[in-house]
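Given next are the chains, with one letter for each unit.
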Amino acid sequence: WSDLLSMPEEELRPWWYNYKKLLTLGTVLLSLDIIFWLLILAAPKSGQLALYFLNVGQGDSQLIVLPEGQKILIDAGPDSRVLENLAAIFGPGDRYIDLLVMTHPELDHFGGFIDIFKHFQVGAFISTGISRQNSSFVALTTELERTQTKQIRFSEGDQIQIAEYSFKILAPSKSELRSKEINDTGIVVLFRAPDFKALYTADIGFSGENRLLKDYDLDADILKVGHHGSKFSSGSTFLQEVSPQIAVIGVGKNSYGHPTALALDRLAALTQYVFRTDRQG
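Numbering of residues starts from 1 in each chain and follows the order in which that chain's sequence is written. Predicted model: local features are reported for residues with pLDDT of at least 70 only, side-chain atom pairs are reported and counted for 80 or more only, and whole-chain, interface and lining totals are derived from all residues. By convention in this description, side-chain values take in all heavy atoms of the structure and omit both hydrogens and water.

*Asks:* I'd like a description of the sheet that holds strand 6 (residues 150–153), backed by residues and values.
*Replies:* Through backbone hydrogen bonds, the strands of a sheet pair up, either in parallel or in antiparallel fashion. Taken together, the 6 strands give an open sheet; going across it, the order is 1-2-3-4-5-6, and neighbouring strands pair in mixed fashion. The open sheet has two edge strands, strand 1 (50–53) and strand 6, and neither has a second partner. When strand polarity is set aside, the average angle formed by the axes of neighbouring strands in this sheet is 20°. Pairing of strand 1 with strand 2 (residues 62–65), which is carried by 4 bridges, proceeds in the antiparallel orientation. Strands qualify as paired when DSSP identifies two bridges or more between them. Working definition: helices are DSSP H or I runs of at least four residues, strands are E runs of at least two. Numbering for both runs from the N terminus. Axis definition: a line fitted to C-alpha atoms, limited for helices to the stretch in contact. Angles are taken between N-to-C directions and run from 0 to 180 degrees.

*Asks:* Now, about the pattern of salt bridges: what can you tell me, with residues and values included?
*Replies:* Between Lys or Arg on one side and Asp or Glu on the other, a salt bridge is scored when a side-chain nitrogen of the former is within 4 Å of a carboxyl oxygen of the latter. Scanning all chains against the criterion turns up 10 salt bridges. A salt bridge links K71 to D94, with the nearest nitrogen and oxygen atoms 3.4 Å apart. Of this pair, K71 sits in strand 3 (residues 71–74) while D94 sits in the loop between helix 3 (81–89) and strand 4 (96–101); the two residues are 23 residues apart in sequence, bridging distant segments of the chain. The burial state of K71 is the same as that of D94; both residues are buried. A salt bridge links E176 to R211; the nearest nitrogen and oxygen atoms lie 2.9 Å apart. One end of the pair, E176, is in helix 6 (residues 174–177); the other, R211, is in helix 7 (residues 206–215), with 35 residues separating them in the sequence. Between buried and exposed lies partly exposed: a residue is buried under 20% and exposed over 50% of the maximum accessible area for its type, with that area taken using a 1.4 Å probe on protein chains only.

*Asks:* Give me the lowdown on the packing of aromatic side chains, citing residues and values where you can.
*Replies:* Ring pairs are drawn from Phe, Tyr and Trp, using the six-membered ring of Trp, whenever the two centres fall within 6.5 Å, and their geometry is named by plane angle: stacked under 30 degrees, edge-to-face over 60, tilted for the rest. According to the stated counting rule, one finds 8 aromatic pairs in the structure shown. Both rings, one in F110 and one in F137, keep their centres 5.4 Å apart while their planes meet at 85°; by these two values the pair is edge-to-face. Here F110 is found in helix 4 (residues 107–119), whereas its partner F137 is found in helix 5 (residues 135–147), with 27 residues between them in sequence. Taken as a pair, F110 and F137 share a single burial class, namely buried. Aromatic pair Y165 and F191: ring centres 6.2 Å apart, planes at 10°, arrangement stacked. Separated by 26 residues along the polypeptide, Y165 in strand 8 (residues 165–171) and F191 in strand 9 (residues 188–193) bring together distant segments of the chain. Each member of the pair Y165 and F191 is classed as buried. Among the aromatic residues, those joined into a cluster by ring pairs are Y165, F167, F191 and F196. Charge-over-ring placement is defined geometrically: NZ (Lys) or CZ (Arg) within 6 Å of the ring centre, and within 35 degrees of the ring normal. K71 extends its terminal NZ or CZ atom over the ring of F90, reaching a point 5.3 Å from the ring centre.

Purely spatial values, then, with no claim about function.
Okay, here's the thing in structure tokens:
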């Protein structure tokens, strides 16, 4: 230090400038190192299966995260609120979703996908192939084309198998795909884990439920209630066959009266565990 103090000012100035540059660089590197480890520690841990029913207002969105980290998002609600839900679940550096499943092309089910494509990378997009002629669906199509996301069409009989977990497509059938009622064309997914099953029923009504009753064993531990608790869904016989331990309704402020007293009464007759995203989040 005595040598430095005795140096002329014109010689000391370059030394001090270089010292400050090194100090700044070291501080930046240390900060990046801290951020890197925080991202690692904040990321969801593998080894645990998690099912989420997202609070997206009047709409549907469900997320399944498999133990090895694969993420499947079924529907995305009407708008960007799905992003807030995902931010609360994913680590801050997690910007990848393996599969998006659009059950049917109604805005309260697909609108949020538009924002997801702007913020996440996506492995593949699954739908029935049915389209709509409106500005929101055009915006979704534009994002699919911009991101060059792989698109896959699913209907009854298709299945995804990931290790010991399966996603079996129970609907729509070929005849249901031709229906003029868009809710009849929704993708119904039976998710099987080694120790439980979950049934996701999109917006199907009584006719779709009755067809499933004839063709499948519908027993499931968890039920995503059809059509936000509409009085035209969740028939008594259908619910008895599913016999869920837990039922979840995706619903928000609406003018349809969802969930209706009729649907809630039918659910209450079978299980005390009926959850609503507008109340439980």
